[in-house]
Amino acid sequence: MITFTCCLIALIVGYFTYGKFVERVFGVDPSRVTPAFTKQDGVDYIPLPTWKIFMIQFLNIAGLGPIFGAIMGAKFGVASFLWIVLGSIFAGATHDFLSGMLSLRHDGESLPELIGRYLGNNFKQFMRGFTVILMILVGAVFVAGPAGLLAKLTPEYLDATFWIIVVFIYYILATLLPVDKIIGKIYPLFAIALLFMAVGILVMLFINQPPLPEITDGLGNTHPGGLPIFPIMFVSIACGAISGFHATQSPLMARCMKSEKYARPVFYGAMITEGIVALIWAAAATYFFHNNGMEENNAAVVVDSITKEWLGAVGGVLAILGVIAAPITSGDTAFRSARLIVADFLHMEQKTVAKRLMICIPMFIVAIGILLYSQKDKDGFDMIWRYFAWSNQTLAVFTLWALTVYLVQAKKLYVITLIPALFMTAVCSTYIFVAPEGFGLSSGFSQLLGLLVTLIVFGIFLVWKRRKV
């Protein structure tokens, strides 16, 4: 428990120290008028209270990743604790804060438009398509998990198919209606359930004092399948450390923020909070695997078992509802982000419902097709999840490089994003070489190729920087 406790404290301290440092590097200006006022439209640009924006941002980014990803990542041992802490403080929260601030400075621009500003028009066109596809994947994969859990909590005739339909109906309403009508009203309730779950499990961890791995035991790989820590663990634990999906959500809140002085609590703070949730679940999962073996691969089973054992029947239901709410509230804003990205690209106003429907209907048709495939094939969901996980981290790579270019051009301390950009470039390139859905090469050879790709990208950056200077 010593390592776990130190990691928990480190996340909190990181917010007040490194978070403040990153804020100073960017240069927040509380006197600037935000897009919530300059472009107020009653649909997407609406000034909202800061506490509500934090709740929405937290729930937007806290999908299945910090829970299911952390549970599966816990199989790698104490290395998972360190990645959650170091990734959240130095990579994820920095990535979220800077991308959110750039959107705030550019009238709430969507992520592809921001990346295009700093990596060029070709990248912008590519990122438009790439990001919309990722958002649709998020919406699809974040339906199946909650629907399965809801089916377990309800009578047998209310099966997973029924709940999939219900969730999709909610998605349609949340995507089309103004941000303050559904999202602004129900997210605080969802947040209470999710935070109850996290606090409840945290309290039980300290009461039960289960045997957890300590850093003094070493960083050996404990995964039963022998999967390599690098890069698999860094892709498995995405949303609890760094996630490109987060940068697609920040513009939603940049369009509602009343002042830049709230950016660190909202953008940096929400990521640190998510890191805490991921750390709690990684520790709880370690306890579960210690008592039940390492063979369980269904994260939903782990969640169900832990919550019922530690929180009782009522507490377990509330905790499960929190786990259900997290992915649903990420899925709806994923579709909302996709709508806004397409609208920005087509220069289509979004005040009228008809214009919103023109964009949303094709997206939902594609998402339903992906979902049907995942239900038809027994390995379909796992395959879609792996593609989502890699695409998600790859998006973080593009965002980090765009942020690095911005910091160089602004003559600010660019190393704060350069190091995470290089590391995540190595992770994603190595993963595509080693993964079964990629090239399926050996671990050692894949790591060598990943390093080569990273060095080439770094060389391109150095050449560009020398010419820029």
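Residue numbers run consecutively from 1 along every chain, following the written order of its sequence. Side-chain atom pairs in this predicted model are given and counted only at pLDDT of 80 or more, local residue features only at pLDDT of at least 70, and totals for whole chains, interfaces and linings cover all residues. Note: side-chain values were computed over all heavy atoms of the structure, leaving out hydrogens and water.

Peer 1: What is the right way to look at the packing of aromatic side chains in this model?
Peer 2: Two aromatic rings, taken as a pair, are described by how far apart their centres are and by the angle between their planes. Centres within 6.5 Å are what make two rings of Phe, Tyr or Trp a pair, Trp counting through its six-membered ring; a difference in plane orientation under 30 degrees is then read as stacked, over 60 as edge-to-face, and the rest as tilted. The tally for this structure, following the rule as stated, stands at 33 aromatic pairs. Aromatic pair Phe54 and Phe58: ring centres 6.4 Å apart, planes at 10°, arrangement stacked. With Phe54 and Phe58 both in helix H4 (residues 50-61), this residue pair falls four residues apart, about one helical turn. What makes Phe54 partly exposed here is its relative accessible area of 23%. Classification of Phe58 by relative accessible area gives buried; the value is 1%. Considering the side-chain rings of Phe335 and Phe364, the 4.7 Å spacing of their centres and the 40° angle between planes classify their relative orientation as tilted. Of this pair, Phe335 sits in helix H14 (residues 299-346) while Phe364 is found in helix H15 (residues 353-376), placing the two residues 29 residues apart along the sequence. Side by side, Phe335 and Phe364 carry an identical accessibility label, which is buried. Counting every residue linked through ring pairs, the aromatic cluster contains Phe168, Tyr170, Tyr171, Phe335 and Phe364. In this text, helices come from DSSP runs of H or I with a minimum length of four residues, and strands from runs of E with a minimum of two, each type numbered from the N-terminal end. Residue exposure (1.4 Å probe, protein chains only): buried if accessible area is under 20% of the type maximum, exposed if over 50%, otherwise partly exposed.

Peer 1: Please explain a nonpolar patch on the surface as it appears in this structure.
Peer 2: Within this analysis, patches are made of residues with over 30% relative accessible area and no salt bridge. Like charges are joined at 9 Å or less; nonpolar side chains (Val, Leu, Ile, Met, Phe, Trp, Tyr) at 5 Å or less. Per-residue accessibility takes into account occlusion by the displayed protein chains alone, with areas from the Shrake-Rupley method and a 1.4 Å probe. By convention in these notes, a salt bridge is any Lys or Arg side-chain nitrogen within 4 Å of a carboxyl oxygen on Asp or Glu. Taken together, Phe21, Leu413, Val415 and Ile419 make up a surface patch of nonpolar side chains, about 340 Å² in accessible area. Mapped onto the elements of the fold, Ile419 is located in helix H17 (residues 415-434). Looking at Ile419, the relative accessible area reads 54%, which means it is exposed.

Peer 1: I'm lost on the nonpolar core in this one. Help?
Peer 2: Most often, soluble globular proteins keep nonpolar side chains buried together rather than apart. Membership of the largest hydrophobic core comes to 159 residues, with the highest contact counts inside it found for Phe4, Tyr171 and Trp281. In terms of residue count, the dominant contributor to this core is helix H13 (residues 263-292) (19 residues). Definition of nonpolar core: a set of buried residues of the types Ala, Val, Leu, Ile, Met, Phe, Trp, Tyr and Cys, connected through side-chain atoms within 4.5 Å.

Peer 1: Would you take a moment to explain helix H6 (residues 79-105) for this structure?
Peer 2: Along an α-helix, a turn takes 3.6 residues, which lines up residues three or four apart on a common side. By this rule the span expected of a helix is its residue count minus one, scaled by 1.5 Å. Between the first and last C-alpha of H6 there are 37 Å, a value that for 27 residues agrees with the 39 Å anticipated at 1.5 Å per step. In the structure, H6 departs most strongly from a straight axis at Ser88, where the bend amounts to approximately 55°. Of all 27 residues making up H6, 23 are buried, and the element is well covered by its neighbours. Asp107 lies just past H6 and shows a positive phi near 60°. The angle separating two fitted axes, one through the seven residues that finish at a residue and one through the seven that start at it, defines the bend at that residue.

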